[in-house]
Amino acid sequence: MSLSIIIPVFRDAKGLKDLLDEFNKDLNIPNLEVILVDDGNKDTLETKKPNNLNVKIIKNEINKGYGYSIKKGIKNSTNDVIAIIDADNSYKIDDLLKLYKIFLNGKHQLVVGKRNFNYSESLPRVIFRKFFKLFSSIIFQYNIQDINSGLRIFKKKDFNEFLNYYPDKFSITSTQTLCYIMTNKSILYDNIKYDKRSGKSKINIIRDPFNFIFLVLKIFLIFSPIKFFGGIGIFFIIISFVNILVTHFIFNQIADISSIIFFTSGINFIFFGLIGEIIRLKIK
């Protein structure tokens, strides 16, 4: 199977140069194409084509975002198998080739590089990464080893199934991972090296944790509204019975009004879930 490698580029000129230098080795991939998506850089991308490689440059006139650039690169690709890799030289071409060989076995629909960091991250970033991994794994009941790794390989047709769900900016890789989980697509993680990026991280440690939480809940709600609203509904119903028991045994009376409010709220949430599930099945 032929491969298209998508590389979004925004303020990563130095890292891109180092990354492209790695293409000088014999990759032994037929009809390989590399698509650079210039995401509104002020300076024109200057690239030398290593080993007469088929390199295309697509330009966004203004900065549209990482997700938009990935989607645009895939739309303009000619091959059925897609690999994405960041331009900041944090990932290595050797690891991409390793993942590609695994993908060729045909057993998995998404092969993701599980990052092993070759440098020490700041404590807030370590906490954020571990929390998000735990939070998303609990919500989706799936061992998500690296939800937003930027080195991954998949088929274009599988990616396009969820085109309406992918954001233009934050975070297309996480969205893809969660969509694949919810539709029971096979995902394989394989260990890769992850070096310190050449530029600054695009992750905002203050704002993006809230974006991640919202993203996880949004995707879960889209694919399983009955579980989302039903879980909230059951919680409220349990609270109503707990409220009855506590007020009865401690205060020798029953807080009937608050218990009724909790109970009816729970029932309403369950009905919301059922309506959402019916709508989801209708438009599926």
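Computed from a prediction, not measured in an experiment: that's the story for all the values here. Positions within a chain are numbered from 1, following the residues in the order the chain's sequence is written. Side-chain atom pairs in this predicted model are given and counted only at pLDDT of 80 or more, local residue features only at pLDDT of at least 70, and totals for whole chains, interfaces and linings cover all residues. Side-chain metrics rest on all non-hydrogen atoms present in the structure, leaving aside hydrogens and water.

Asks: Quick rundown of the packing of aromatic side chains? Include the residues and the values.
Replies: Aromatic pairs are defined between Phe, Tyr and Trp rings, using the six-membered ring for Trp, whenever the two ring centres lie within 6.5 Å; interplanar angles under 30 degrees are classed as stacked, those over 60 as edge-to-face, and all others as tilted. Within this structure, the stated rule accounts for 22 aromatic pairs. The interplanar angle of 70° and the centroid separation of 6.2 Å between the aromatic rings of Phe162 and Phe223 together place this pair among those described as edge-to-face. Highlighted residues: Phe162 in the loop between helix 5 (156–160) and helix 6 (172–182) and Phe223 in helix 7 (residues 208–223), separated in sequence by 61 residues. Residue Phe162 shares its accessibility class with Phe223, and that shared class is buried. Measuring from centroid to centroid gives 6.0 Å for Phe235 and Phe236, while their planes differ by 80°, and the two rings are edge-to-face. Assessed through its relative accessible area of 23%, Phe236 is described here as partly exposed. For the purposes of this entry, the term helix denotes a DSSP run of H or I that reaches at least four residues, the term strand denotes a run of E that reaches at least two, and both are numbered from the N terminus. Burial classes follow relative accessibility: with a 1.4 Å probe on protein chains only, a residue under 20% of its type's maximum area counts as buried, one over 50% as exposed, and anything between as partly exposed.

Asks: Describe in detail a nonpolar patch on the surface, supporting the description with residues and values.
Replies: Here the term patch refers to residues with relative accessible area over 30% and no salt bridge, with like charges joined within 9 Å and nonpolar side chains (Val, Leu, Ile, Met, Phe, Trp, Tyr) within 5 Å. Here the Shrake-Rupley method, with its probe set to 1.4 Å, supplies the accessible areas, and only the displayed protein chains count as covering residues. Within this document, salt bridges are pairs made up of a side-chain nitrogen of Lys or Arg and a carboxyl oxygen of Asp or Glu, the two lying within 4 Å of each other. A grouping of Ile234, Ile238, Val242, Leu245, Val246, Phe249, Ile250 and Phe251 is seen on the molecular surface, where their side chains present a nonpolar patch of about 820 Å² in accessible area. As for its placement among the helices and strands, Val242 is situated in helix 8 (residues 225–251). Residue classification places Val242 among the partly exposed residues on the basis of a relative accessible area of 41%.

Asks: So what about the pattern of salt bridges? Which residues, and what values?
Replies: Counted according to the given criterion, the structure contains eleven salt bridges. For the salt bridge of Asp168 with Lys71, the shortest nitrogen-to-oxygen distance reads 2.7 Å. Taken together, the positions of Asp168 in the loop between helix 5 and helix 6 and Lys71 in helix 2 (residues 66–75) put the pair 97 residues apart, joining distant regions of the chain. Classification of Asp168 by relative accessible area gives partly exposed; the value is 35%. Here Lys71 falls in the buried class, since its relative accessible area comes to 17%. Within the structure, one salt-bridge network assembled from shared partners comprises Lys157, Asp158, Glu161 and Lys185.

Asks: Which residues make up the packing of helix 4 (residues 123–140) against helix 7, and what values do they have?
Replies: One way to put it is that helix 4 packs onto helix 7 with a least axis distance of 11 Å and a crossing angle of 10°. Taken together, the axes of helix 4 and helix 7 are roughly parallel relative to one another. From helix 4, Phe128, Phe131, Phe132, Phe135, Ser136, Ile139 and Phe140 reach across to helix 7, where they touch Pro209, Phe212, Ile213, Val216, Leu217, Ile219 and Phe220. Note on residue categories: nonpolar means Ala, Val, Leu, Ile, Met, Phe, Trp, Tyr, Cys or Pro, charged means Asp, Glu, Lys or Arg, and polar means any other residue, Gly included. Considering only residue class, the contact of helix 4 with helix 7 consists of 13 nonpolar, one polar and no charged. With axes taken as lines fitted to C-alpha atoms, and helix axes fitted only over the stretch in contact, angles between N-to-C directions fall between 0 and 180 degrees. With respect to orientation, any angle under 35 degrees is reported as roughly parallel, any angle over 145 as roughly antiparallel, any angle of 65 to 115 as roughly perpendicular, and every other angle as oblique. Between two residues, a contact is recorded if the distance between any of their heavy atoms is within 4.5 Å.

Asks: Can you lay out the sheet that holds strand 4 (residues 81–84) for me, pointing to particular residues and giving the numbers?
Replies: Strand order across the open sheet formed by seven strands is 3-2-1-4-6-5-7, with mixed pairing between neighbours. Among the strands making up the open sheet, the edge pair consists of strand 3 (54–60) and strand 7 (187–194). Put simply, the sheet's adjacent strands are angled 20° from each other on average, direction ignored. In this structure, strand 5 (residues 110–117) lies alongside strand 7, joined through eight bridges in parallel fashion. Within strand 7, the position partnered with Asn116 by the bridge is Lys193. Each of strand 1 (3–9), strand 4, strand 5, strand 6 (152–155) and strand 7 touches helix 3 (residues 93–103); the most contacted strand, strand 7, lies at about 165° to it. Strands are treated as partners if at least two bridges between them are detected by DSSP.

Asks: Go over unusual backbone geometry with me, naming the residues and quoting the values.
Replies: Even without being a glycine, Asn31 presents a positive backbone phi close to 55°. Assignment of secondary structure puts Asn31 in the loop between helix 1 (13–21) and strand 2 (33–39). The phi dihedral of Asn184 falls on the positive side, at around 60°, and the residue is not glycine. Structurally, the position occupied by Asn184 is in the loop between helix 6 and strand 7.

Asks: Run through the side chain of Glu33, naming residues and quoting values.
Replies: For Glu33, the location among the structural elements is in strand 2. In this view, Glu33 contacts Leu3, Ser4, Ile5, Asn54, Lys56, Ser77, Thr78 and Asn79; residues no more than four positions away in its chain are not counted.

Asks: Explain the pairing of strand 2 residue by residue, including any values.
Replies: In terms of burial, strand 2 is largely enclosed, as seven of its seven residues are buried. The side-chain alternation of strand 2 yields two buried faces, one formed by Glu33, Ile35, Val37 and Asp39 and the other by Val34, Leu36 and Asp38. Where strand 1 meets strand 2, six bridges bridge the pair, whose relative direction is parallel. Pairing of Pro8 across the sheet is with Val37, part of strand 2. Relative to strand 3, strand 2 runs parallel, the two being bridged by seven bridges. Among the inter-strand pairings, Val37 is bridged to a residue of strand 3, identified as Ile58.

Asks: Just give me the short version of the side chain of Thr175, but keep the residues and values in it.
Replies: Among the structural elements, Thr175 can be located in helix 6. In this structure Thr175 comes out as buried when scored by relative accessible area, which is 0%. Discounting residues that sit within four places of it in the chain, Thr175 has contacts with Tyr165, Tyr166, Pro167, Leu215 and Ile219.

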